[in-house]
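# Structural description and commentary
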Amino acid sequence: MKHRKNSVGIKLRKLRGLTGYTIRYVAKQTGLAPIRISHWERGIRKPSTTNLVILAAFYGVMVDELLRDLRLEVIQKIHGRPGRPYGDYYEKIKEKPP
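Residues numbered from 1 in each chain as written. Predicted model: local features only at pLDDT ≥ 70, side-chain atom pairs only at ≥ 80, totals over all residues. Heavy atoms only, no water.

Okay, the overall build of the chain next. The secondary structure content of the chain amounts to six helices and zero strands. Starting at the N terminus, the α and β elements of the chain follow one another as α-α-α-α-α-α. When the accessible surface of the chain is split by element, carbon and sulfur atoms take 56% of a total near 7300 Å². (Helix = DSSP H or I, 4+ residues; strand = E, 2+ residues; numbered from the N terminus. Areas by Shrake-Rupley, 256 points an atom, 1.4 Å probe, with all protein chains shown as cover.)

Shown next, in the form of C-alpha coordinates:
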(Lines give C-alpha, C1' and ligand atoms only; values in the text may rest on other atoms or scores of the structure.)
Protein backbone atom coordinates (compact mmCIF):
# COMPACT_ATOMS: atom_id res chain seq x y z
CA MET A 1 0.00 0.00 0.00
CA LYS A 2 1.32 3.45 -0.90
CA HIS A 3 2.06 5.48 2.20
CA ARG A 4 1.25 9.15 1.65
CA LYS A 5 3.29 11.88 3.30
CA ASN A 6 0.30 13.35 5.16
CA SER A 7 -1.74 10.23 5.79
CA VAL A 8 -3.63 9.55 9.00
CA GLY A 9 -1.03 6.92 9.93
CA ILE A 10 1.85 9.39 9.62
CA LYS A 11 -0.01 11.86 11.82
CA LEU A 12 -0.71 9.19 14.44
CA ARG A 13 2.94 8.15 14.46
CA LYS A 14 4.05 11.77 14.73
CA LEU A 15 1.70 12.42 17.67
CA ARG A 16 2.96 9.33 19.45
CA GLY A 17 6.54 10.41 18.83
CA LEU A 18 5.90 13.91 20.13
CA THR A 19 4.46 12.54 23.36
CA GLY A 20 7.21 9.95 23.73
CA TYR A 21 4.74 7.11 24.21
CA THR A 22 5.30 3.56 23.07
CA ILE A 23 2.70 1.66 21.07
CA ARG A 24 2.14 -0.59 24.09
CA TYR A 25 1.48 2.39 26.36
CA VAL A 26 -1.02 3.93 23.91
CA ALA A 27 -2.70 0.55 23.54
CA LYS A 28 -2.98 0.04 27.29
CA GLN A 29 -4.37 3.53 27.92
CA THR A 30 -6.90 3.40 25.07
CA GLY A 31 -7.90 -0.25 25.24
CA LEU A 32 -6.84 -0.81 21.63
CA ALA A 33 -4.67 -3.68 20.41
CA PRO A 34 -1.00 -2.76 19.87
CA ILE A 35 -0.93 -4.55 16.52
CA ARG A 36 -3.84 -2.44 15.28
CA ILE A 37 -2.09 0.78 16.26
CA SER A 38 1.03 -0.43 14.48
CA HIS A 39 -0.96 -1.26 11.34
CA TRP A 40 -2.64 2.17 11.36
CA GLU A 41 0.66 4.00 11.81
CA ARG A 42 2.30 2.06 8.99
CA GLY A 43 -0.65 2.55 6.64
CA ILE A 44 -1.46 -1.15 6.38
CA ARG A 45 -5.00 -0.59 7.63
CA LYS A 46 -7.18 2.43 8.35
CA PRO A 47 -8.71 3.04 11.78
CA SER A 48 -12.48 3.14 12.13
CA THR A 49 -14.23 6.37 13.03
CA THR A 50 -14.66 5.19 16.62
CA ASN A 51 -10.96 4.41 16.94
CA LEU A 52 -10.04 7.78 15.42
CA VAL A 53 -12.17 9.48 18.06
CA ILE A 54 -10.49 7.45 20.82
CA LEU A 55 -7.00 8.30 19.56
CA ALA A 56 -7.82 11.97 18.99
CA ALA A 57 -9.14 12.22 22.55
CA PHE A 58 -6.07 10.43 23.91
CA TYR A 59 -3.65 12.76 22.10
CA GLY A 60 -5.76 15.85 22.80
CA VAL A 61 -6.42 16.79 19.18
CA MET A 62 -9.54 17.16 17.05
CA VAL A 63 -10.44 14.32 14.69
CA ASP A 64 -10.45 16.87 11.86
CA GLU A 65 -6.73 17.45 12.47
CA LEU A 66 -6.10 13.79 11.71
CA LEU A 67 -8.31 13.79 8.60
CA ARG A 68 -7.69 17.28 7.18
CA ASP A 69 -5.23 16.33 4.41
CA LEU A 70 -7.31 13.32 3.41
CA ARG A 71 -10.40 15.53 3.17
CA LEU A 72 -8.59 18.12 1.02
CA GLU A 73 -7.30 15.37 -1.27
CA VAL A 74 -10.83 14.07 -1.85
CA ILE A 75 -12.20 17.58 -2.43
CA GLN A 76 -9.51 18.21 -5.04
CA LYS A 77 -10.37 14.98 -6.84
CA ILE A 78 -14.06 15.87 -6.94
CA HIS A 79 -14.10 19.64 -7.44
CA GLY A 80 -10.89 20.96 -8.85
CA ARG A 81 -7.16 21.16 -9.13
CA PRO A 82 -4.41 21.84 -6.54
CA GLY A 83 -4.53 25.64 -6.90
CA ARG A 84 -8.31 25.72 -6.48
CA PRO A 85 -9.34 22.75 -4.35
CA TYR A 86 -13.03 23.64 -4.54
CA GLY A 87 -13.00 24.40 -8.26
CA ASP A 88 -15.92 26.55 -9.37
CA TYR A 89 -18.07 25.49 -6.41
CA TYR A 90 -17.73 28.76 -4.48
CA GLU A 91 -18.16 30.84 -7.64
CA LYS A 92 -21.57 29.20 -8.17
CA ILE A 93 -22.57 29.89 -4.58
CA LYS A 94 -21.55 33.54 -4.87
CA GLU A 95 -23.72 33.96 -7.98
CA LYS A 96 -26.89 32.81 -6.22
CA PRO A 97 -28.82 35.56 -4.42
CA PRO A 98 -29.63 34.93 -0.74
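Don't stop here, the text continues.
Time to look at the environment of isoleucine 23. Tracing the chain through its elements places isoleucine 23 in helix H2 (residues 23-30). Assessed through its relative accessible area of 22%, isoleucine 23 is described here as partly exposed. (Buried < 20%, exposed > 50% of the residue type's maximum accessible area, 1.4 Å probe, protein only.)

Among the residues making up H2, those that are buried are Val26, Ala27 and Thr30. All buried residues of H2 project into a common sector of 100° when viewed along the axis, lining one side. Exposed residues pointing more than 90 degrees away from the buried face of H2 are listed as Arg24 and Lys28. Along its buried surface, H2 packs onto helix H1 (8-19), helix H3 (34-42) and helix H4 (49-59). (Arc of directions from axis to C-beta. Contact = heavy atoms within 4.5 Å.)

The next point concerns the packing of H2 against H3. Contact pair H2 / H3: the axes reach a minimum separation of 8 Å and the direction vectors enclose 120°. What the angle tells us is that H2 and H3 run oblique. Viewed along their axes, H2 and H3 form a crossing whose handedness is right-handed. Across the interface between the two elements, Ile23, Val26, Ala27 and Thr30 of H2 pack against Pro34, Ile37, Ser38 and Glu41 of H3. A per-class count over the contact of H2 with H3 returns five nonpolar, two polar and one charged. (Axes fitted to C-alpha atoms, helices over the stretch in contact; angles between N-to-C directions. Parallel < 35°, antiparallel > 145°, perpendicular 65-115°, else oblique. Left-handed = near helix turned anticlockwise from the far one by under 90°. Nonpolar A, V, L, I, M, F, W, Y, C, P; charged D, E, K, R; others polar.)

Moving on to the nonpolar core. Within the largest apolar cluster, 14 residues are counted, with the highest numbers of intra-cluster contacts made by Leu12, Ile37, Trp40, Leu55, Tyr59, Val61 and Leu66. Only H1, H2, H3 and H4 provide two or more residues apiece to this core. Counting residues per element, this core draws most heavily on H4, at four residues. Every residue in contact with tyrosine 59, bar those within four places of it in the chain, is listed here: Leu12, Leu15, Arg16, Thr19, Tyr21 and Val26. (Core = buried A, V, L, I, M, F, W, Y, C linked by side-chain atoms within 4.5 Å.)

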